[in-house]
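One-letter residues, chain by chain:
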Amino acid sequence: MELLHKRDFNYYDHETKTVDMVRYIKTIMACNPLETFYYLCLDNPSEFRQALSEIEYLYSKELYCFVYPPKDYIKYKQGKEILKKIV
């Protein structure tokens, strides 16, 4: 279970000293529960949507299990989208 939770997407390029925001957001998503991403979604909406579409699974603190990412995070936060558990 820990290997699933501690994923890193190598977001920092040491040669150019730049951060790939999509990979950075995916790393945050991999290390934190799904319910904590609201401000990240508001601060970087396009990168957040891209990262959400690329990541395979997330951990839900609410459901205590890994889930498939919601199609639309805002709709999920409003209660209009239900999460699917990974079996």
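Below you will find a few notes about this structure.

The rules behind the values
Residues numbered from 1 in each chain as written. Predicted model: local features only at pLDDT ≥ 70, side-chain atom pairs only at ≥ 80, totals over all residues. Heavy atoms only, no water. Helix = DSSP H or I, 4+ residues; strand = E, 2+ residues; numbered from the N terminus. Rg over C-alpha atoms; globule rule 2.2 N^0.38 Å. Buried < 20%, exposed > 50% of the residue type's maximum accessible area, 1.4 Å probe, protein only. Contact = heavy atoms within 4.5 Å. Areas by Shrake-Rupley, 256 points an atom, 1.4 Å probe, with all protein chains shown as cover. Lys, Arg positive; Asp, Glu negative; His and termini not counted. Charge placed at Lys NZ, Arg CZ, Asp CG, Glu CD. Phe/Tyr/Trp six-rings, centres within 6.5 Å; stacked < 30°, edge-to-face > 60°. Salt bridge = Lys/Arg side-chain N within 4 Å of Asp/Glu carboxyl O. Patch = residues over 30% accessible without salt bridge, like charges linked within 9 Å, V, L, I, M, F, W, Y side chains within 5 Å.

**Observations concerning the overall build of the chain**
- Each helix and strand in the chain was counted, giving 5 helices and 4 strands.
- Starting at the N terminus, the α and β elements of the chain follow one another as α-β-β-α-α-α-β-β-α.
- Computed over its C-alpha atoms, the radius of gyration of the chain comes to 13 Å, within 12% of the 12 Å expected for a compact globule of 87 residues.
- Projected onto its principal axes, the C-alpha positions of the chain cover 40 × 30 × 15 Å.
- By residue count, 36% of the 87 residues in the chain fall in the buried class.
- For the chain, restricting intrachain contacts to residue pairs at least 6 apart in sequence, the fraction spanning at least 24 positions comes to 42%.
- Roughly 6,200 Å² of accessible area belongs to the chain as shown, and the carbon and sulfur atoms make up 52% of that amount.
- Of the charged side chains in the chain, 13 are positive and 13 negative; the average position of the first set lies 6 Å away from that of the second.

**Points about the packing of aromatic side chains**
- Using the criterion set out here, one finds 8 aromatic pairs in the structure.
- On the basis of an interplanar angle of 70° and a centroid distance of 5.3 Å, the ring pair of Tyr59 and Phe66 is categorised as edge-to-face.
- With relative accessibility at 23%, the residue Tyr59 sits in the partly exposed group.
- On the accessibility criterion, Phe66 (8% relative accessible area) is buried.
- Note on Tyr73 and Tyr76: the rings are 5.7 Å apart at their centroids and 50° apart in plane angle, and the pair reads as tilted. Here Tyr76 and Tyr73 lie together in helix H5 (residues 73-77), a separation of 3 residues that amounts to about one turn. For the pair shown, Tyr73 and Tyr76 are each scored as buried.
- Linked through ring pairs, Phe37, Phe48, Tyr73 and Tyr76 together constitute an aromatic cluster.

**A few points about the pattern of salt bridges**
- Following the criterion strictly, the structure yields 2 salt bridges and no others.
- Across the salt bridge formed by Asp20 and Arg23, the nearest N and O atoms sit 3.9 Å from each other.
- Residue Asp20 is classed as partly exposed on the basis of its relative accessible area, which comes to 34%.

**A short note on a nonpolar patch on the surface**
- Together, Tyr12, Val19 and Tyr24 give the surface a local cluster of nonpolar side chains, amounting to about 250 Å² of exposed area.
- As for its position among the elements, Tyr12 is in strand S1 (residues 12-13).
- Under the relative-accessibility criterion, Tyr12 is labelled partly exposed at 36%.

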